[in-house]
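Residue-level structural notes
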Amino acid sequence: GLSNIELVVDDIEDLSLTPSTAFDAVLSRWVLMLIGDLGAVLARLRGLLVPEGLLAVALWGHPERVPMISASLGAALELLQIELPPELPSPLWPHGQDSLASLAREAGFTEVRTEILETAFELPSPVAFAEFIYRMAGPVRVLVDDQPPATRLELLSAFAEAGPPVRRSSMFSLFSVIATTLF
């Protein structure tokens, strides 16, 4: 293993690290779209980086471009008869990559680059899709875990039915778009 790397895990909205702590890089995967005051968090992260430090972010794109999550979340909300308030952070980033880049610049990042990566997940069946969504999509998992056992099973069945898999030989392919930003 590498001896010159230290991994630090902290709550991104309540960072306990002091500004005197300097990091070469901060990595965030599928988290920033869930932050209420993203501008403030980005500014705080910028303050924790060395002058040439790097913030690398991966987040799910617009709901229309990530049907595997939006369809599953929609099925769960319909089954549970829940309507989410529009101001609630979403597991999907509906604002576009330019919006994220703008927030990063406002937070003090100077060299901002964004790109969209299309990703395919291949799963053997609709049931495997439902299990994948349950394990991978935190907000969906919270909805499921808060339900009685019978409702949990109904939700997993709804995910299998709602999933957007495209049949290719014996596998199901799920296409997603992830906006990746490097600051």
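Overview of the structure. The residue count restarts for each chain, going from 1 along the sequence in the order it is written. Whole-chain, interface and lining totals are the exception, using all residues; otherwise, since this is a predicted model, local features are given only for residues with pLDDT of at least 70 and side-chain atom pairs are given and counted only at 80 or more. The basis for the side-chain values is all heavy atoms of the structure; hydrogens and waters are excluded.

Another aspect to go through is the packing of aromatic side chains. Note on ring pairs: Phe, Tyr and Trp rings are taken, using the six-membered ring of Trp, and paired if centres are within 6.5 Å. Classes follow the plane angle, with under 30 degrees stacked, over 60 edge-to-face and the rest tilted. Inspection of every chain in the model, using the stated rule, returns one aromatic pair. With centroids separated by 4.4 Å and ring planes inclined at 20°, the aromatic side chains of W30 and W60 adopt a geometry described as stacked. Residue W30 is located in the loop between β1 (23–29) and α1 (38–48), and its partner W60 is located in strand β2 (residues 49–60); the two are separated by 30 residues in the primary sequence. Three exposure classes are used, based on accessible area relative to the maximum for each residue type with a 1.4 Å probe and protein chains only: buried under 20%, partly exposed in between, and exposed over 50%. Classification of W30 as buried rests on a relative accessible area of 19%. Overall, W60 belongs to the buried group, its relative accessible area being 3%. Two limits define a charge over a ring: the Lys NZ or Arg CZ must be within 6 Å of the ring centre, and within 35 degrees of the ring normal. Taking NZ or CZ as reference, R46 lies 5.6 Å from the ring centre of F109, over its face. To qualify as a helix, a DSSP run of H or I must reach at least 4 residues; to qualify as a strand, a run of E must reach at least 2; elements of each kind are numbered from the N terminus.

This part is about a negative patch on the surface. Residues qualify for a patch when their relative accessible area is over 30% and they have no salt bridge, like charges being joined within 9 Å and the nonpolar side chains of Val, Leu, Ile, Met, Phe, Trp and Tyr within 5 Å. Methods summary: accessible areas were calculated by the Shrake-Rupley approach with a probe of 1.4 Å, and residue burial reflects only the protein chains presented. A side-chain nitrogen of Lys or Arg and a carboxyl oxygen of Asp or Glu constitute a salt bridge if their distance falls within 4 Å. Within this scheme the basic residues Lys and Arg register as positive and the acidic residues Asp and Glu register as negative, but His and the chain ends are omitted. Lysine's charge is taken at NZ, arginine's at CZ, aspartate's at CG and glutamate's at CD. The grouping of D11, E13, D14 and D37 at the surface amounts to a negative patch. Relative to the elements of secondary structure, D11 occurs in the segment before β1.

Turning next to the packing of helix α5 (residues 138–145) against helix α6 (residues 149–162). Fitted lines through C-alpha atoms give the axes, limited to the stretch in contact for helices. The angle between two N-to-C directions lies from 0 to 180 degrees. Axis separation between α5 and α6 bottoms out at 9 Å; the angle between their running directions is 145°. Facing α5, whose interface residues are V140, L143, V144 and D145, α6 presents R152, L155 and F159. Under this grouping Gly is polar, as are all residues other than the nonpolar Ala, Val, Leu, Ile, Met, Phe, Trp, Tyr, Cys and Pro and the charged Asp, Glu, Lys and Arg. A per-class count over the contact of α5 with α6 returns five nonpolar, no polar and two charged. Contacts: residue pairs with any heavy atoms within 4.5 Å of one another.

All right, on to the pattern of salt bridges then. Inspection of every chain in the model, using the stated rule, returns two salt bridges. Where R141 meets D145, a salt bridge forms, and the shortest distance between an N and an O atom there is 3.7 Å. Note that R141 and D145 are positioned in helix α5 at a spacing of four residues, about one turn of the helix. According to the relative accessible area criterion, R141 is partly exposed, its value standing at 33%.

A word on the packing of α1 against helix α3 (residues 97–106). Running from N to C, α1 and α3 point in directions that differ by 50°, and their axes come no closer than 8 Å. In this view, α1 runs oblique relative to α3, as classed from their interaxial angle. Considering how the two elements wind past one another, α1 and α3 form a crossing that is right-handed. Each of L38, G39 and L42 in α1 lies in contact with α3, whose residues at this interface are L100, L103 and A104. For the contact of α1 with α3, a count of residues per class yields five nonpolar, one polar and no charged. Comment on the angle field: the value is read as roughly parallel under 35 degrees, roughly antiparallel over 145, roughly perpendicular from 65 to 115, and oblique elsewhere. In this scheme the crossing of two helices becomes right-handed for a clockwise turn of the near helix relative to the far one and left-handed for an anticlockwise turn of less than a right angle.

We now examine the side chain of S72. Tracing the sequence through the fold places S72 in helix α2 (residues 67–80). Owing to a relative accessible area of 0%, S72 belongs among the buried residues under this scheme. Those residues in contact with S72 that lie beyond four places of it in its chain are P67, F129, I133 and F159.

Turning to unusual backbone geometry, a few remarks are in order. Positioned with a positive phi, W30 is a non-glycine residue whose angle comes to about 60°. Phi is positive for Q81, which is not a glycine, with a value near 55°. Of note, Q81 is situated in the loop between α2 and α3. When its relative accessible area of 74% is taken as the criterion, Q81 is described as exposed.

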